[in-house]
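Each chain is listed here by its residues.
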Amino acid sequence: MTEEKDKRGSVELVLDDGRIEQSKEFVTPEELYQDLIFRVRKYHPSDDISLIQRAYDLAYNAHKEQVRKSGEPYIVHPLCVAIVLADLELDKETIVAGLLHDVVEDTILTEEEIEEQFGADVALLVDGVTKLQKLQFSDEKAADREFNERAEMQAENLRKMFLAMAKDIRVIMIKLADRLHNMRTLKHMPPEKQQRIAKETLDIYAPIADRLGISKIKVELDDLSLKYLQPDVYYDLVDKIATRKVERENYVKKIVDEVSEHIQNASIKAKIDGRVKHFFSIYRKMVNQGKTIDQIYDLFAVRIIVDSVKDCYAALGVIHEMYKPIPGRFKDYIAMPKGNMYQSLHTTLIGSSGQPFEIQIRTFEMHRTAEYGIAAHWKYKEASDGKKVEGQEEEKLAWLRQILEWQKDMSDNKEFMNLLKSDLDLFSDNVYCFTPTGDVKTLPTGSIPIDFAYSIHSAVGNKMIGARVNGKLVTIDYEIKNGDRIEIITSQNSKGPSRDWLNLVKSTQAKSKINQWFKNELKEDNIVKGKEMLAAYCKTKAIDISKLTKPEYTDAIKKKYGFQEWEAVLAAIGHGGLKEGQIINKMQEMYDKDHKKTVSNEEVLNAINANATMKARSFKSKGGITVKGIHDVAVRFSKCCSPVPGDEIVGFVTRGRGVTIHRTDCVNVLHMPELDRVRLIDAEWDSHEEVYSGEKYFAEIQIYANNRNGLLADISKTLTEKNIDILSMNTRTNKQGLATMSTSFEIGSREELTKIIDKLKAIESVIDVERTTG
């Protein structure tokens, strides 16, 4: 790491991997502003910076009383955000919005005043970013809120974010710049907040930067997230890479000199440099390949940047003459670009000393696209009219359009969230294959012909009956390999996809389209069935359904369960996703709250008598369960979902064994055959906590983690500290080093279980913790 002073006098730390980090020496807002103007003038065609000057003056005055956690004046943050945007060479309106992005939220200034002073374009961007500031993807008060509710909120906030991106993609660019500066200064936050923000960054913001092709931001977000999520891993990588720094630098310099000489002799004009790969990309290889850092041989890469595509392939020929290429390690991303339109030739070679290294060859235009992504070809317009993107930018936005299509198709927030997380998975790799006409398709590694069919069109997938790969018939579970030429065989007589396909396909797109087919095919039937089930339930309970199905109650149910339409709720009831009693009881609660009435003395006496009668007809178990309408019957807890106090529950009348208590989200209840559903009976926990105080209940959880030494010990220690006696623990690890642990123990309540799950999630390398649902 070296310290350098640039021409403008500010001090910067130049890291080994080339990234810039602000030094501890205080930089005044005025110095930062001059730095911003210097950067804008380097690329912008106009010399008029009056708009930026006015925005800076306004932001400075609006934030002058505010200070950041680091002790710096608050104005430093919007200035640093604007500098990141200037490094992406964005238009002046985006720079101005970056300076003003916190003004509306943190001060008394209104959106109307911003529009009046800076135009509708800037006001739209500031409004979009302000709304994104309010979205919280991981809840700080996790222990105080139910897991399902948090997941619903996260999914809904993601929906809003993608809609904001669709209106103007610059909104998310400002948000990415905002997140990057926050990550650079994260050390001033408390540890639990560092973990939460870093996880959110790795799960959501870094993958979005990757999808938009902005590697300049993506790699730094990755590395900073790793630094706070797994500091031991991060600093171990830093130490091990730094150990042989001088030796490595000499080796890279030697290769660069050798390559430069041969490229020059071939009369190819090129810029050649060498660099260490980013920490997260090394860590990703270690996890995916199940290797230690000593086993990862291509820790650094030499980059050759030339004028034309023809020169790329000419340079490749020169390189392969000089060094021996490693078989199977050549990738042509020029002919087959990545999903974010990244283009380059990658080849891994054996150096003269026997040390493997990677060379990347690309044109200057490809390099610009790789670094700046969607910002690389931004069209400058002096007027404040919305910017439109064309060509390559449109191809990058195809991913966003696909997500917006899912949003329209999916009323179920949980399903949308699962698909999105799968699609944004930073650890996934791709395979490249061809259509019969030679078009390239990019699919996740492990994809099968069904994935390919749905990548062409949903109609092709829905009518598929077979496939040919390289001219030969294959089974539908054939795993596609790089370079395969695939032809899908369809038939109009096909009855549609099979539910088994959902367990076979790898791509998010295929899963989404198969699920959608089943929902659309059976939707009308399920809506009718759902209506009938609600009406029948109300009839047995003597409830007037017309009072409950008013908009204020149906809207509340839609919001609670994450549906966009009431018909989607009815369809979910119809196919068993929701229980009719669960919905009616919630609506009845809301109705009763809105229609409280004064009770006469006579009614009080009648209620007491009715209560006494009800007690004779209800049974309270020793576990604090009340089963309505049944007297003197044995109650036991199901082992498939292990309910604990605080869970929503339902009883199931078993033959000769009394009533078994299940959670309402138990998969066995949700997928119960229609004939058996008549044996479900209302049950609830006793409202008096002392009834089950001291009782212990069986609970089972699944822990997903990146395997490492000491992981099992850390998990056991966490449970022991909470005075939990482990009943069983089973662990399995796959080839990629991902560990799945099933553990069971006894617990007092759902609240206690939630706290334990949150503690386990905080353990280093733990990815997620879930309760077993059947």
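Only a predicted model underlies this, so the values are computations on that prediction, with no experimental measurement involved.

Participant: Sorry, what's going on with the overall build of the protein chain here?
Facilitator: Across its full length, the protein chain holds 32 helices and 23 strands. Here the protein chain displays about 38,400 Å² of accessible surface, and carbon together with sulfur accounts for 50% of that area.

Participant: Sorry if this is basic, but what is going on with the pairing of strand β20 (residues 697-706) here?
Facilitator: A regular strand places its side chains on the two faces of the sheet in alternate fashion. With seven of ten residues buried, β20 is to be regarded as a mostly interior element. Pairing of β20 with strand β23 (residues 766-771), which is carried by five bridges, proceeds in the antiparallel orientation. Its bridge partner being in β23, tyrosine 704 is matched across the sheet by aspartate 768.

Participant: Explanation requested: the sheet that holds strand β11 (residues 464-469) in the structure shown.
Facilitator: Sheets are built from strands paired through backbone hydrogen bonds, the pairs being either parallel or antiparallel. Spatially, the three strands line up as an open sheet ordered β12-β11-β13, and their pairing is antiparallel. Edge positions in the sheet fall to β12 (472-474) and β13 (486-490), since each of these pairs with one other strand and no more. Neighbour to neighbour, the strand axes of the sheet diverge by 35° on average, direction disregarded. Here five bridges tie β11 to β13, and the two strands are oriented antiparallel to one another.

Participant: Teacher, can you tell me more about the packing of aromatic side chains here?
Facilitator: Note on aromatic pairs: each is described by the distance of the centres and the angle between the planes. A full pass over the atoms with the stated rule returns eight aromatic pairs. When the centroid spacing of 5.9 Å and the interplanar angle of 55° are considered together, the rings of tyrosine 56 and tyrosine 60 count as tilted. Remark: tyrosine 60 and tyrosine 56 occur in helix α2 (residues 50-63); sequence separation between them is four residues, near one turn of the helix. By relative accessible area, which is 38% here, tyrosine 60 ends up partly exposed. Consider the rings of tyrosine 553 and tyrosine 591, whose centres lie 6.1 Å apart with planes at 70°: the pair is edge-to-face. Residue tyrosine 553 is located in helix α25 (residues 551-561), and its partner tyrosine 591 is located in helix α27 (residues 580-594); the two are separated by 38 residues in the primary sequence. Classification of tyrosine 553 as buried rests on a relative accessible area of 2%. Put simply, the rings of Tyr33, Tyr56 and Tyr60 touch in pairs and so form one group of aromatic residues.

Participant: Mind showing me how you'd approach the pattern of salt bridges here?
Facilitator: A pair can form between side chains of opposite charge whenever their charged atoms are brought close. The full count for this structure, using the stated rule, is 21 salt bridges. In this structure, glutamate 487 and arginine 468 form a salt bridge, with 3.5 Å as the shortest nitrogen-oxygen distance. On the criterion of sequence distance, the pair formed by glutamate 487 in strand β13 and arginine 468 in strand β11 is long-range, its members being 19 residues apart. Take glutamate 487: its relative accessible area is 33%, and that puts it in the partly exposed class. Ionic pairing is found between aspartate 647 and arginine 771, a salt bridge with its closest N-O pair at 2.8 Å.

Participant: What is the right way to look at the nonpolar core in this model?
Facilitator: As a rule of thumb, soluble globular proteins bury nonpolar side chains together. Within the largest apolar cluster, 106 residues are counted, with the highest numbers of intra-cluster contacts made by Leu36 and Leu100. Looking at this core element by element, the count peaks at nine residues for helix α3 (residues 76-87). With residues up to four places along the chain from it excluded, the contact list for leucine 100 reads Ala55, Leu58, Ala59, Ile114, Phe118, Val122 and Val126. Among the nonpolar cores identified, the runner-up in size contains 29 residues, and Ile701, Ala705, Phe745 and Leu760 belong to it.

Participant: Would you mind showing me how to read the sheet that holds β23 here?
Facilitator: In spatial order, the strands read β21-β22-β20-β23; together these four strands make up an open sheet with antiparallel pairing. Of all the strands in the sheet, the pair left with one neighbour each is β21 (726-733) and β23. Averaged over all pairs of adjacent strands, the angle between their axes in this sheet comes to 15°, without regard to strand direction. When β21 meets strand β22 (residues 738-747), the two strands line up antiparallel, connected through seven bridges. Bridge pairing in β22 places asparagine 730 opposite serine 742. Its contacts with the sheet put helix α31 (residues 711-721) on β20, β21, β22 and β23, and the angle it makes with β21 is roughly 155°.

Participant: Explain the environment of leucine 753 here, please?
Facilitator: By the secondary structure assignment, leucine 753 is in helix α32 (residues 750-761). Accessibility expressed as a relative area gives 2% for leucine 753, which makes it buried. Through-space distance from the C-alpha of leucine 753 to that of valine 644 is 8.7 Å; in sequence the pair is 109 residues apart. Residues contacting leucine 753, with those up to four places away along its chain left out, are Ala699, Ile701, Phe745, Ile747 and Arg771.

Participant: Hey, could you run me through the packing of helix α11 (residues 215-229) against helix α12 (residues 231-243) in this one?
Facilitator: Helix-helix packing is described using two parameters, namely the angle between the two axes and the distance between the axes. Where α11 contacts α12, the axes come no closer than 5 Å and their chain directions differ by 120°. Judged on the interaxial angle alone, α12 and α11 are oblique. Facing α11, whose interface residues are Asp223, Leu226, Lys227, Tyr228 and Leu229, α12 presents Pro231, Val233, Tyr234, Tyr235 and Leu237. Looking at the contact of α11 with α12 residue by residue, the classes come out as eight nonpolar, no polar and two charged.

Participant: Help me understand the pairing of strand β5 (residues 300-306) in this model?
Facilitator: Summarising burial for β5: seven of the seven residues are buried, a large majority. In β5, alternate side chains face the same way, and those of Phe300, Val302, Ile304 and Val306 on one face and Ala301, Arg303 and Ile305 on the other are all buried. The pairing of strand β4 (residues 270-276) with β5 spans seven bridges and is antiparallel. Considered in β5, the bridge of glycine 274 is made with valine 302. As defined by bridge partners, β5 adjoins strand β8 (residues 356-363) across six bridges and the pair is classed as parallel. Note that in β8 the partner of isoleucine 305 across the bridge is arginine 362.

Participant: It is not clear to me how the state of the cysteines should be interpreted in this structure. Could you clarify?
Facilitator: Working definition: the covalent bond between the sulfur atoms of two cysteines is a disulfide. Applying the stated criterion across every chain, the model contains zero disulfides. The structure places no disulfide on cysteine 666, whose sulfur is separated from the nearest cysteine sulfur, that of cysteine 640, by 3.5 Å. For cysteine 666, a relative accessible area of 0% puts it in the buried group.

Participant: I'm lost on the environment of arginine 468 in this one. Help?
Facilitator: Residue classification places arginine 468 among the partly exposed positions, given a relative accessible area of 31%. When the C-alpha positions of arginine 468 and isoleucine 488 are compared, they lie 6.5 Å apart, and in sequence the two are 20 residues distant. Those residues in contact with arginine 468 that lie beyond four places of it in its chain are Leu473, Arg485, Ile486, Glu487 and Ile489.

Participant: Would you take a moment to explain a negative patch on the surface for this structure?
Facilitator: Taken together, Glu111, Glu112, Glu113, Glu115 and Glu116 make up a surface patch of like negative charges. Considering the arrangement of structural elements, one finds glutamate 112 in helix α6 (residues 111-118).

Participant: What should I look at first to understand unusual backbone geometry in this one?
Facilitator: Generally, phi is negative for residues other than glycine and the peptide bonds are trans, each holding for most cases. Phi is positive for serine 267, close to 60°, though the residue is something other than glycine. Turning to its location among the elements, serine 267 is positioned in the loop between α13 (245-265) and β4. Phi is positive for asparagine 470, close to 55°, though the residue is something other than glycine. Looking at the element boundaries, asparagine 470 is found in the loop between β11 and β12.

Participant: Looking at this model, I keep getting lost on the confidence of the model for the protein chain. Mind explaining?
Facilitator: One rule of thumb: low pLDDT means the predicted coordinates there are not for detailed reading. Summarising the model, the protein chain shows a mean pLDDT of 77, and 77% of its residues fall at 70 or more. Taken as a whole, residues 378-393 scores under 50 in pLDDT and shows 41 contacts with residues more than four places along the chain or in a different chain. Taken as a whole, residues 611-620 scores under 50 in pLDDT and shows 21 contacts with residues more than four places along the chain or in a different chain.

Participant: Help me out: how do you make sense of the packing of α3 against helix α9 (residues 170-184) in this one?
Facilitator: Relative to each other, α3 and α9 sit at 120°, their axes nearing to 9 Å. Considering their axes alone, α3 and α9 lie oblique with respect to each other. Crossing hand, α3 versus α9: right-handed. Across from His77, Cys80, Val81, Val84 and Leu85 in α3, the residues of α9 making contact are Met173, Ile174, Ala177, Asp178, Leu180, His181, Asn182 and Arg184. The residue makeup of the contact of α3 with α9, split by class, is eight nonpolar, three polar and two charged.

How each quantity is defined
- Residue indices begin from 1 for each chain and proceed along its sequence in written order.
- Given that this is a predicted model, residues contribute local features only at a pLDDT of at least 70 and side-chain atom pairs are listed and counted only at 80 or more, while totals for whole chains, interfaces and linings are drawn from all residues.
- Side-chain measures here rest on the full set of heavy atoms in the structure, leaving out hydrogens and waters.
- The secondary structure listing takes helices from DSSP runs of H or I that are at least 4 residues long and strands from runs of E that are at least 2 residues long, numbered from the N terminus.
- Throughout, the Shrake-Rupley method with a 1.4 Å probe supplies accessible areas, and for residues the shown protein chains are the sole cover considered.
- Whether a residue is buried, partly exposed or exposed follows from its accessible area with a 1.4 Å probe, protein chains only, as a fraction of its type maximum: under 20%, in between, or over 50%, in that order.
- When DSSP finds two or more bridges between two strands, those strands count as paired.
- Between the N-to-C directions of two axes lies an angle of 0 to 180 degrees, each axis being a line fitted to C-alpha atoms and, for a helix, fitted only over the stretch in contact.
- Aromatic pairing here means that ring centres of Phe, Tyr or Trp (its six-membered ring) are within 6.5 Å. Orientation follows from the plane angle: under 30 degrees is stacked, over 60 is edge-to-face, and everything else is tilted.
- The working definition used for a salt bridge is a side-chain nitrogen of Lys or Arg within 4 Å of a carboxyl oxygen of Asp or Glu.
- Side-chain atoms within 4.5 Å are what join buried Ala, Val, Leu, Ile, Met, Phe, Trp, Tyr and Cys residues into a set we call a nonpolar core.
- Residue contacts follow a heavy-atom distance rule, with two residues in contact if any of their heavy atoms lie within 4.5 Å.
- In what follows, roughly perpendicular refers to angles from 65 to 115 degrees, roughly parallel to angles under 35, roughly antiparallel to angles over 145, and oblique to any angle outside these ranges.
- Each residue receives one of three labels: charged for Asp, Glu, Lys and Arg, nonpolar for Ala, Val, Leu, Ile, Met, Phe, Trp, Tyr, Cys and Pro, and polar for the others, Gly being one of them.
- Cysteine sulfur atoms are paired as a disulfide whenever they come within 2.5 Å of each other.
- For patches, a residue must show more than 30% relative accessible area and have no salt bridge; joins then use 9 Å for like charges and 5 Å for nonpolar side chains, namely Val, Leu, Ile, Met, Phe, Trp and Tyr.
- The charge count treats Lys and Arg as positive and Asp and Glu as negative. His and the chain ends do not count.
- Think of each charge as sitting on NZ of Lys, CZ of Arg, CG of Asp or CD of Glu.
- A residue's pLDDT is the predictor's confidence in that residue, given on a scale from 0 to 100.
- By convention, the crossing between two helices is left-handed when the near helix turns anticlockwise from the far helix through less than a right angle, and right-handed when the turn is clockwise.

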